[in-house]
Amino acid sequence: FVNTYMNDYMNIIIFASGNGSNAENIIKYFNKKKYNINWLTISNKKNAGVIEKATKLGSKIKIISKNELCEENFIHSIIDLSPVLIILAGFLLKIPNNFIKKFNNRIINIHPSLLPKYGGKGMYGQFVHQKVIENKEIKSGITIHFVNEKYDEGKIIFQKDIEIKDPKTTESLANQIHELEMEYFPLTIEKLIL
């Protein structure tokens, strides 16, 4: 993809693998506020729901393979865009170390628990909520953090906790956490780019 972006615009990249509710919510939030942002949504799944949602909201789209993610060509194409921020919104591939090094403190992720609890490899989505319920936690929440070489161990930017409501099921907890993500992810991003 060619950098046809204008200079007075901020370039923000979203990596997403799934349905794209977070990505859609973020783009809508900034579009409504009339920020000058060029969006690029990158996915590793050509049938991911995020593609249609992001396209409708004016984002450019790029589909990449797991191998491409590690390639120098791909990394350089992202460097050429000079993104102010790279947002992981439900992206399930691990970001390679050579990519992270080039964008130190410019890649952020949202995690559906209060890190450092319930983080690490394989801990995403329902798996996190399941563990939280199994361990009879009374609170959970979200953590927005910078991405480093280790899963869920980057510097924490923002956390918000909630008391887990009855019925204490993974589904009801997922809904509570989803509401937090919708409210606080765009607000936290806004503070980072201002």
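Enquirer: Describe the overall build of the chain, and please don't skip the residues or the numbers.
Expert: When helices and strands are counted, the chain shows 7 helices and 7 strands. The linear arrangement of helices and strands in the chain, starting from the amino end, is β-α-β-α-β-α-α-β-α-β-α-β-β-α. Expected size for 194 residues packed as a compact globule is a radius of gyration near 16 Å; at 16 Å, the chain falls within 12% of this value. The proportion of buried residues among the 194 residues of the chain is 46%. Of the contacts made within the chain by residues no fewer than 6 positions apart, 68% connect residues no fewer than 24 positions apart. Carbon together with sulfur atoms contributes 50% to the accessible area of the chain, which is approximately 10,400 Å² in total. Across the chain, 26 positive and 20 negative side-chain charges occur, with their mean positions spaced 1 Å apart.

Enquirer: Describe the pattern of salt bridges, and please don't skip the residues or the numbers.
Expert: As a working rule, side chains carrying opposite charge can pair if their charged atoms are close by. As enumerated under the stated definition, the model contains 8 salt bridges in all. D166 is the salt-bridge partner of K168, the closest N and O atoms lying 3.1 Å from each other. Classification of K168 by relative accessible area gives partly exposed; the value is 38%.

Enquirer: I'd like to hear about unusual backbone geometry, residue by residue, with values.
Expert: Look at the link from L115 to P116: it is a cis peptide, with omega at 10 degrees. By the secondary structure assignment, P116 is in the loop between strand 5 (107-111) and helix 6 (126-134). With an omega dihedral of -5 degrees, the bond running from D166 to P167 counts as a cis peptide bond. Here P167 is to be found in the loop between strand 7 (156-163) and helix 7 (170-193). The phi dihedral of K34 falls on the positive side, at around 60 degrees, and the residue is not glycine. Phi at S82 takes a positive value of approximately 45 degrees, unusual for a residue other than glycine. Relative to the assigned elements, S82 resides in the loop between helix 4 (72-81) and strand 4 (85-88).

Enquirer: Give me a nonpolar patch on the surface: which residues, what numbers.
Expert: On the surface, L92, Y124 and F127 cluster together to form a nonpolar patch covering roughly 300 Å² of accessible area. Within the element layout of this structure, L92 appears in the loop between strand 4 and helix 5 (97-102).

Enquirer: Describe in detail the side chain of T188, supporting the description with residues and values.
Expert: The topology assignment puts T188 in helix 7. Here T188 falls in the buried class, since its relative accessible area comes to 6%. The residues contacting T188, other than those within four sequence positions of it, are I144, I157 and F158.

Criteria and cut-off values
- Along each chain, numbering runs from 1 in the same order as the chain's sequence is written.
- Local features in this predicted model are restricted to residues of pLDDT 70 or higher, and side-chain atom pairs are both shown and tallied only at a pLDDT of 80 or more, whereas totals for entire chains, interfaces and linings draw on every residue.
- With hydrogens and water excluded, all non-hydrogen atoms of the structure serve as input to the side-chain values.
- Numbering of helices and strands runs from the N terminus; a helix is a DSSP stretch of H or I covering at least four residues, while a strand is a stretch of E covering at least two.
- Atoms counted for the radius of gyration: C-alpha only. Globule rule: 2.2 Å times the number of residues to the power 0.38.
- Throughout this description, buried means an accessible area under 20% of the type-specific maximum (1.4 Å probe, protein chains only), exposed means over 50%, and partly exposed covers the range between.
- Two residues qualify as a contact provided that any one of their heavy atoms is within 4.5 Å of a heavy atom in the partner residue.
- What sets the accessible areas is the Shrake-Rupley method with a 1.4 Å probe; for residues, cover comes only from the shown protein chains.
- The charged-residue count follows a simple rule in which Lys and Arg add positive charge and Asp and Glu add negative charge, with His and chain termini not counted at all.
- To locate a charge, take NZ of a lysine, CZ of an arginine, CG of an aspartate or CD of a glutamate.
- The term salt bridge refers to a side-chain nitrogen of Lys or Arg lying within 4 Å of a carboxyl oxygen of Asp or Glu.
- Like charges within 9 Å and nonpolar side chains (Val, Leu, Ile, Met, Phe, Trp, Tyr) within 5 Å are joined into patches, using only residues over 30% in relative accessible area that form no salt bridge.

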